[in-house]
Each structure stands twice: as C-alpha cells, then as structure tokens.
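# Structure at a glance
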Amino acid sequence: MTTPIITEQQDLTTCPADLAANAHLCLEHTAIFYGPQQALRETSLSIPRKRIFSIIGPSGCGKSSLLRAMNRLNDRIEACTVRGKVLLDGEDVYAAGTDMIHLRRRVGMIFQQPNPFPLSIEHNIDLPLREHGWRSRSKRRERIERVLREVGLWDEVKDRLRHSALRLSGGQQQRLCVARALALDPEVLLMDEPCSALDPLSSAVVEDLIVRLRDRLTVVVVTHNLGQARRISDHTAFFWSRDQMGCLVECNETERLFNAPARDLTAAYVNGQRG
C-alpha cells in the first residue's frame, strides 16, 4: 500500500483543547537547530499534568532532541539552539536567569541506557540528596527507603545497600535511576526509551512502575515500541521526518490515535506500513 507523504496542511497539527486546558508543559513554536541544520520544525504541543504522554516516530524525527529541550539538557550539546518557548507551569524555562539546578530537580530525566553512579546502591540516592541540601542523615535514610520501595527495589536490595550499583541487573539499574530521580520530588519525569536496553520481563516491571507514577507526576516517554506507547500512555504525539527535519503529524488520546488516526501517515505508521 502506498501512503501519501505529509502535506503542508498536515504539518499544521494542533493538540486537542483538553490538553491545553490542563497543560503542565507547553511548547510554543519550539524549533531545534544543530548549527545551521534545523532538526525540528516549529512545534506547538501541550502535555497535560499527571498523565503519561508518549512521543513516537521513526529514528531521526527529533523525538529525543525535543525531550532534552524540556529541561535544557540540549544546552550541553555544542551548537544546539532552541527557539520558541518551553513553558513549565506557564514560565519559560529558556528565560534569562533560569536556575538550572532547580529546573532539573523539577524536571528529571531517565536515559535509554541505565546510568547509575559507580557508587553503592545507597550512595546513588544519598549523593543527590546531600547536594540538594538534605543535612539530616536520618531523613535521607527515610527518603532512600521510600523511593526504593516506590520502584519495587527495596526488598531486592535492602541487605546489600552498600554494594556497588553496577552489580545490579539492567532492569534493577534502571529502577534505581528512577528512584534517584524520584528522591528529589520532581514534577515531571522525562524518559528516553527507558526500556530499549532491557529484556521483556524487566521492561514489563519498568512499564508497571511508569503507570504507578501517573498519580503523582507528569511522565513524558519517548519510545519506538508502539505496543508500549499503547499500553501505558494517556496521550500520544506522532512525529515524522521530512527533508531531515522532524515535524509533528498528529497528537491525540492514545486510544484514538491508534484506533482512529486523523492522518493517513499516522495510520500507516501505527499499522506497520511505514517507518
């Protein structure tokens, strides 16, 4: 089956009004450049509070670049420029004078490959707490136990907290990274392909964890796994690449985007005919 390429009209996709009304993060005409090359076309997107929001699309369509723009991790990439606005509770995170430490505490990040510190399990969580001013050892211990319980790790590691985190399995390491982020009470958690390096059983455990987080914070997940997006997310945005530039094709409730997509290209992608 031959499917049409994106037309100019199809690029002008807006999010449903209910997303904008409950928005926690908003992108307003956000574009991303690496040097002179534009990687992401101007995008406006509303991400609702305390929901799981998936971003899907083929490689090279700007998904990870967009995710990193939400807490300014792109600042660390030489020659990367972000134009437009990224609003967190109505405040532009790219405004002059933004406190980067405070921003990244509010908006945490989980990467594709688990990245525990080469320290003990306990110190992986204790270190950021101390860096953010937690002086009481007893309160830090309480927080460490709490977040390890939240990610389902406490019973697995409580007798070896002083062992190296690098001795954990891949799935355990990823859950430890989530616990480390949760220890700082973020409002938003960004997850870039959090299960792609894990086996199916570990992926299922992490997916269950993501679903449990829905009631306490906003989760934005970039994933190539369409089944995962369909299982865990409330809303989904589909991106495509044209002329080496990512662009938003469609955004909607996950069930509607997969079962009754508004764009032919979306239908072809979610049905496995494109991508």
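So, here's what we can say about the structure.

Thresholds, definitions, all that
- Residues numbered from 1 in each chain as written.
- Predicted model: local features only at pLDDT ≥ 70, side-chain atom pairs only at ≥ 80, totals over all residues.
- Heavy atoms only, no water.
- 1 Å grid on protein atoms, 1.4 Å probe; cavity = no way out; pocket = protein on both sides within 12 Å on 5 of 7 lines; lining within 4 Å.
- Points joined across faces, edges and corners; volume = space filled by probe spheres on them.
- Helix = DSSP H or I, 4+ residues; strand = E, 2+ residues; numbered from the N terminus.
- Nonpolar A, V, L, I, M, F, W, Y, C, P; charged D, E, K, R; others polar.
- Core = buried A, V, L, I, M, F, W, Y, C linked by side-chain atoms within 4.5 Å.
- Buried < 20%, exposed > 50% of the residue type's maximum accessible area, 1.4 Å probe, protein only.
- Contact = heavy atoms within 4.5 Å.
- Phe/Tyr/Trp six-rings, centres within 6.5 Å; stacked < 30°, edge-to-face > 60°.
- Lys NZ or Arg CZ within 6 Å of the ring centre and 35° of its normal.
- Polar contact = N/O pair within 3.5 Å; in protein donor to acceptor, adjacent residues only side chain to side chain.

A few words now on the layout of surface pockets. The calculated volume of the largest pocket comes to roughly 630 Å³. Lining the largest pocket are 22 residues, and of these R104, M109, F117, R180 and L184 sit closest to its centre. Mapped by element, the contributors of at least two residues to the lining of the largest pocket are α4 (100-106), β6 (107-110), α5 (121-131) and α8 (170-182). Classifying every residue of the lining of the largest pocket gives 13 nonpolar, four polar and five charged.

By size, the foremost hydrophobic cluster in this structure holds 35 residues, and its most contacted members are I125, L148 and V178. Where this core is concerned, the elements lending two or more residues are α5, α6 (137-150), α7 (154-157), α8, β7 (188-192), α9 (200-213) and β8 (218-222). In terms of residue count, α8 provides more of this core than any other element does, six residues in total. Every residue in contact with I125, bar those within four places of it in the chain, is listed here: I144, V147, L148, L176, A179, R180 and A183. Core analysis: the next-biggest nonpolar cluster, separate from the first, contains 31 residues, L27, F53, L66 and A237 among them.

Positioned with a positive phi, H29 is a non-glycine residue whose angle comes to about 50 degrees. For H29, the location among the structural elements is in strand β1 (residues 23-34). Positive phi is not limited to glycine here, since D89 has a value of about 50 degrees. Structurally, D89 is set in the loop between β4 (80-88) and β5 (91-92). Of the residues examined, D89 reaches a relative accessible area of 36% and is grouped as partly exposed.

Before going further, it helps to examine the packing of aromatic side chains. Within this structure, the stated rule accounts for three aromatic pairs. Geometrically, the ring pair formed by W240 and Y269 is edge-to-face, given 6.1 Å between the ring centres and 80 degrees between the ring planes. Of the two residues, W240 is situated in strand β9 (residues 235-242) and Y269 in helix α12 (residues 264-270); the sequence distance between them amounts to 29 residues. An aromatic cluster of at least three residues, connected via ring pairs, comprises F238, W240 and Y269. For R83, the ring lying beneath its charged end belongs to F33, and the centroid distance is 4.2 Å. The ring of F117 has R180 lying over it, and the distance from NZ or CZ to the ring centre is 4.1 Å.

This brings us to the side chain of T236. Among the secondary structure elements, T236 is positioned in strand β9. The exposure class assigned to T236 is buried, which follows from its relative accessible area of 0%. At a separation of 3.3 Å, a polar atom in the side chain of T236 contacts the side chain of S233. If sequence neighbours within four positions are ignored, T236 has contacts with S54, I56, E250, C251, N252, T254, L257 and F258.

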